[in-house]
Amino acid sequence: MKTYGTEPGAPTPVQVGISELAISDGDDTLKSYGLGSCLAIALYDPKTGIGGLAHAMLPDGDAAENSDRKPGKYADTAIRALLRRMVEQGAHYTDVEAKIAGGSDMFEFESFGEGVGQRNVAAAKAELEKLGVPLEAEDVGGDYGRTVEFTPGTGTLIVKSSNSDNGVTKL
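Residues numbered from 1 in each chain as written. Predicted model: local features only at pLDDT ≥ 70, side-chain atom pairs only at ≥ 80, totals over all residues. Heavy atoms only, no water.

### Let's talk about unusual backbone geometry
Backbone geometry at Ser19 places phi at a positive 70°, although glycine is not the residue there. Residue placement: Ser19 occurs in the loop between strand E1 (14-15) and strand E2 (21-24). For Ser19, a relative accessible area of 9% puts it in the buried group. (Helix = DSSP H or I, 4+ residues; strand = E, 2+ residues; numbered from the N terminus. Buried < 20%, exposed > 50% of the residue type's maximum accessible area, 1.4 Å probe, protein only.)

### Focus on the sheet that holds strand E7 (residues 135-140)
Spatially, E2-E5-E4-E6-E7 is the arrangement adopted by the 5 strands of the open sheet, whose pairing is mixed. Because the sheet does not close on itself, it has two edges, and the strands there are E2 and E7. With strand direction ignored, the average angle separating the axes of adjacent strands in the sheet is 10°. Sheet topology places strand E4 (residues 39-44) next to strand E6 (residues 97-102); 6 bridges connect them, and they run antiparallel. Across the sheet, the residue bridging to Tyr44 is Glu97, located in E6. Along the sheet, helix H1 (residues 75-88) makes contact with E2, E4 and strand E5 (51-56), crossing E4 at roughly 25°. (Pairing = 2+ DSSP bridges. Axes fitted to C-alpha atoms, helices over the stretch in contact; angles between N-to-C directions. Contact = heavy atoms within 4.5 Å.)

Spelled out as structure tokens, the structure:
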């Protein structure tokens, strides 16, 4: 018999909504739905299995007044908040690696120049480089949506997109 959805006994994924972030110290699956121009930022320490996922909506929190109240909203502040919380739970800063997905340009607005998706990707890459966190994999850009599932314990980021042949990319 074919079943759909979550198999009986399987843990329910932790949903990470827009402008949110979550940390896990094991085999939890962290999931973000409907990434368009938003960027999923997955950080993990492969030695401890501690990691986190952020669903960043905008690129630059340093320029915003309220970024300290909602650090997951911005790519740069989300990365710093994830790192801080991971280290507080026992991750080793120097072992942390990153993977990103999303950052699509869903709509074309010539008057605005570079799209929000591209700016989110650029901001995340710049912040990761500034903090010395290697970017191990990415699935970014395009003009289609994505959903991601991240398991920090293994470092596996599964990207489901509406554009690929089988709809699934494993990073």
